[in-house]
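In case you want the letters, here they are:
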Amino acid sequence: MAVSRINEAGLNVNQYGNRNLIINGAMQVAQRGTSFTNPSVSAYTLDRWSTTYSHDGAVDISQSTTTPAGFKNSLKIDVTTADSSLSSSQYHILQQVIEGQNLSHLNYGSSDAKEVTISFWVRSNKTGTYCVEIQTSGSQELARPYTINTANTWEHKTLTWIANTDFTITETNAIGLYIYWWLAAGSDYTGSPIATTWASNTNRVTGQTNFLDSTSNELYITGVQLEVGDTATDFEHRTFADELDKCKRYFEKITKETNSTFIGGGMWYNSTSPYVGCKYKVTKRAVPTVTSATDSNGYTFFVGGSSRAASALDFSRQTTYSVRVSQSGGLSGSGGTNPQATHATWLEITGSGASIEIDAEL
Amino acid sequence: MNIESAQYHEDLGDRNIKAVIDGITYYVPISEDNRHYAAILEWAEEDGNEIQAAE
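Rules behind the numbers
Residues numbered from 1 in each chain as written. Chains lettered and ligands numbered in written order. Predicted model: local features only at pLDDT ≥ 70, side-chain atom pairs only at ≥ 80, totals over all residues. Heavy atoms only, no water. Helix = DSSP H or I, 4+ residues; strand = E, 2+ residues; numbered from the N terminus. Rg over C-alpha atoms; globule rule 2.2 N^0.38 Å. Buried < 20%, exposed > 50% of the residue type's maximum accessible area, 1.4 Å probe, protein only. Contact = heavy atoms within 4.5 Å. Areas by Shrake-Rupley, 256 points an atom, 1.4 Å probe, with all protein chains shown as cover. Core = buried A, V, L, I, M, F, W, Y, C linked by side-chain atoms within 4.5 Å. Salt bridge = Lys/Arg side-chain N within 4 Å of Asp/Glu carboxyl O. Polar contact = N/O pair within 3.5 Å; in protein donor to acceptor, adjacent residues only side chain to side chain. Nonpolar A, V, L, I, M, F, W, Y, C, P; charged D, E, K, R; others polar. Pairing = 2+ DSSP bridges. 1 Å grid on protein atoms, 1.4 Å probe; cavity = no way out; pocket = protein on both sides within 12 Å on 5 of 7 lines; lining within 4 Å. Points joined across faces, edges and corners; volume = space filled by probe spheres on them. Phe/Tyr/Trp six-rings, centres within 6.5 Å; stacked < 30°, edge-to-face > 60°. Lys NZ or Arg CZ within 6 Å of the ring centre and 35° of its normal. Axes fitted to C-alpha atoms, helices over the stretch in contact; angles between N-to-C directions. Arc of directions from axis to C-beta.

Draft legend 1. Structural context of the overall build of chain B. In terms of regular secondary structure, chain B is built from one helix and three strands. When the helices and strands of chain B are read in sequence order from the N terminus, they spell out β-β-β-α. The C-alpha atoms of chain B give 11 Å as radius of gyration, which agrees with the globular expectation for 55 residues (10 Å, within 12%). Evaluated residue by residue, chain B yields a buried proportion of 42% over its 55 residues. In chain B, the share of contacts with a sequence separation of at least 24, taken over all contacts with a separation of at least 6, comes to 30%. Surface accessibility of chain B: about 3,200 Å² in total, with carbon and sulfur atoms responsible for 39%.

Structural data, given as structure tokens:
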């Protein structure tokens, strides 16, 4: 029998895709690595997740396999140097920054603005009040508190934000919203009572626990979802491939696989300057920063019958699609045809420590 | 991010910035949408910092 009409009321909303505005909410994608010792301010760790802070302590971040049922990974925050007496302006935040053009349907800054709900799993030995805050690109914010009730137990939290009818957000490829998981806050941010409206608030995270007060403290988080509406639906489990591609819009790392990884073909401009093209797997959010890891003879440019090796690469002509690659620091090796202008070449990553990183993060 | 140095880098008709940030050499495009470029501009406004001319 042909279906002539779908009754939407009869559909399970959990079947709808692309409702989670958080990328890598299940903490599975870790292109930069799985362990980060005291990452610097604003440094990215697991894909799309970064920290921002100002305090006298230190924390490590890692990808963990301690999870609630139905998840493979979590993000672990481990205090390695305590700061039990924060000064007034100090803080520590785990954050995800969301691209503005992914948020147009929130209608922020209009009478049609939507409520949003954030849900996540969290576990820590350090019980108490914590806050999640949403901040617009124009620095208007609103936090919602939650409580970790029981030590070392996974708890599912759901927080809903009132519609932001007053403040628009950037709806381009620039920053639209910051989502902050506060872990520590000095008195500049914790005045009472906590703000309940969207504004450039001062009483931002009243009651925030100081997670930094002991090196025994650790916190795990996973299953993070931000969606439109006042209800948290089941976590949207995207395939690993889909999640990885979403992450690669912002960061892509190319390493050696098995014997080598082919990067691209090109031509010798002269006897010491090979140029090849490197096309990214995914078009980037913006023109990216590019770097290569220094690795002794880890990059191989081929010539007729032989090759020449470089320990680092030089980059130019970056676009959101591709980058031009040459050698940096000189070439080693001999044999085969001596390279000269117009000779063809190609580049492979051949060293186990070699890599190309393409960074278009917000 | 800790910017240690920055120098314009020119190669075959293109120009970007070769910067050492947190001990790593990056090739930063001259693009306002790029967070490293924005940070370098901010860094260059501080006393004593300057984007060096290309070699």
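Draft legend 2. Representation of the nonpolar core within the structure. All names here are of chain A. Phe120, Ile179 and Trp181 are the most contacted members of the largest nonpolar core, which has 42 residues in total. At five residues, the largest contribution of residues to this core is made by strand β10 (residues 175-185). Not counting chain neighbours up to four residues away, the residues in contact with Phe120 comprise Val132, Tyr146, Glu155, His156, Lys157, Leu159, Trp181, Ile221, Thr222, Gly223 and Val224. Counting residues in each nonpolar core, the second largest holds 21 residues, with Val290, Phe301, Val303 and Ala310 among its members.

Draft legend 3. How the structure looks around the interface of chain A and chain B. The interface of chain A with chain B comprises 25 residues on the first partner and 20 residues on the second. For the pair chain A and chain B, the interface holds two salt bridges. Salt-bridge contacts for Arg317 of chain A lead to Asp14 of chain B; the nearest nitrogen and oxygen are separated by 3.9 Å. Run the count over chain A and chain B and you get 19 residue pairs in polar contact (both at pLDDT 80 or more). Secondary-structure elements contributing two or more residues to the side of chain A that touches chain B are β15 (289-292), β18 (312-316) and β19 (322-328) of chain A. The biggest single contributor to the side of chain A that touches chain B is β18 of chain A, with four residues. Grouping the amino acids of the side of chain A that touches chain B by side-chain chemistry returns 11 nonpolar, eight polar and six charged.

Draft legend 4. Representation of the sheet that holds strand β9 (residues 155-161) of chain A. All names here are of chain A. Taken together, six strands build an open sheet; the order of strands is β1-β3-β4-β11-β6-β9 and the sheet is antiparallel. On the outer flanks of this sheet lie β1 (35-36) and β9, each paired with one strand and no other. Pairing geometry for strand β6 (residues 116-124) and strand β11 (residues 218-228), over eight bridges, is antiparallel. Bridging from a neighbouring strand, Ser119 pairs with Gln225 of β11.

Draft legend 5. Looking closely at empty space enclosed by the protein. Residues and elements named next belong to chain A. Enumeration according to the criterion identifies one cavity of 30 Å³ or more in this entry. Estimates place the volume of the largest cavity at around 30 Å³. Taken together, Leu94, Tyr146, Trp181, Leu183, Leu219 and Ile221 form the lining of the largest cavity. Broken down by secondary-structure element, the contributors of at least two residues to the lining of the largest cavity are β10 and β11. The class makeup of the residues in the lining of the largest cavity is six nonpolar, no polar and no charged.

Draft legend 6. View of the packing of aromatic side chains. Within the structure shown, the criterion is met by 14 aromatic pairs over all chains. With 6.2 Å between their ring centres and 55 degrees between their planes, Trp154 of chain A and Tyr220 of chain A make a pair best called tilted. Highlighted residues: Trp154 of chain A in the loop between β8 (141-148) and β9 and Tyr220 of chain A in strand β11, separated in sequence by 66 residues. The burial state of Trp154 of chain A is the same as that of Tyr220 of chain A; both residues are buried. Plain terms: the ring middles of Phe315 of chain A and Tyr27 of chain B are 5.5 Å apart, the flat faces sit at 70 degrees to each other, and that makes the pair edge-to-face. You can see Phe315 of chain A sitting in strand β18 and its partner Tyr27 of chain B sitting in strand β3 (residues 24-28), one on each of two chains. For the residue pair Phe315 of chain A and Tyr27 of chain B, the accessibility class agrees, reading buried in each case. Ring-pair connections join several aromatic residues into one group, and the members of that group are Trp49, Phe120, Tyr130, Tyr146 and Trp181 of chain A. Lying over the aromatic face of Phe251 of chain A, Arg32 of chain A brings its terminal NZ or CZ to 3.8 Å of the ring centre. Across the ring face of Tyr8 of chain B, the terminal group of Arg15 of chain B is positioned such that the distance to the ring centre comes to 4.0 Å.

Draft legend 7. The arrangement of helix α1 (residues 35-44) of chain B in detail. Taken residue by residue, α1 of chain B has Arg35, His36, Tyr37, Ala39, Ile40 and Trp43 of chain B as its buried positions. As for α1 of chain B, its buried residues are in contact with β15 and β21 (355-359) of chain A together with β1 (3-11), β2 (14-21) and β3 of chain B. The N-capping residue of α1 of chain B, defined by a side-chain oxygen 2.8 Å from the backbone nitrogen of His36 of chain B, is Asn34 of chain B.

Draft legend 8. Seen up close, the sheet that holds strand β16 (residues 299-303) of chain A. All names here are of chain A. If you walk across this open sheet you meet the seven strands as β17-β16-β20-β13-β14-β19-β18, and the pairing is antiparallel. Both outer strands of the open sheet, β17 (306-310) and β18, are each paired with one neighbouring strand and no more. Each neighbouring strand pair of the sheet contributes to a mean axis angle of 35 degrees, computed without reference to strand direction.

Draft legend 9. Broad picture of helix α1 (residues 240-248) of chain A. Residues and elements named next belong to chain A. Among all positions in α1, only Glu243, Leu244, Cys247 and Lys248 are buried. Taken down its axis, α1 places every buried residue within 140 degrees of arc, on the same side. Of the surrounding secondary structure, the elements contacted by the buried residues of α1 are β12 (251-255).

Draft legend 10. Unusual backbone geometry, seen in detail. Residue and element names in this part refer to chain A. The peptide bond linking Ser192 to Pro193 adopts the cis configuration, its omega dihedral lying at 0 degrees. Mapping Pro193 onto the fold places it in the loop between β10 and β11. Despite not being glycine, Asn24 has its phi angle at roughly 65 degrees, a positive value. One can find Asn24 in the segment before β1.

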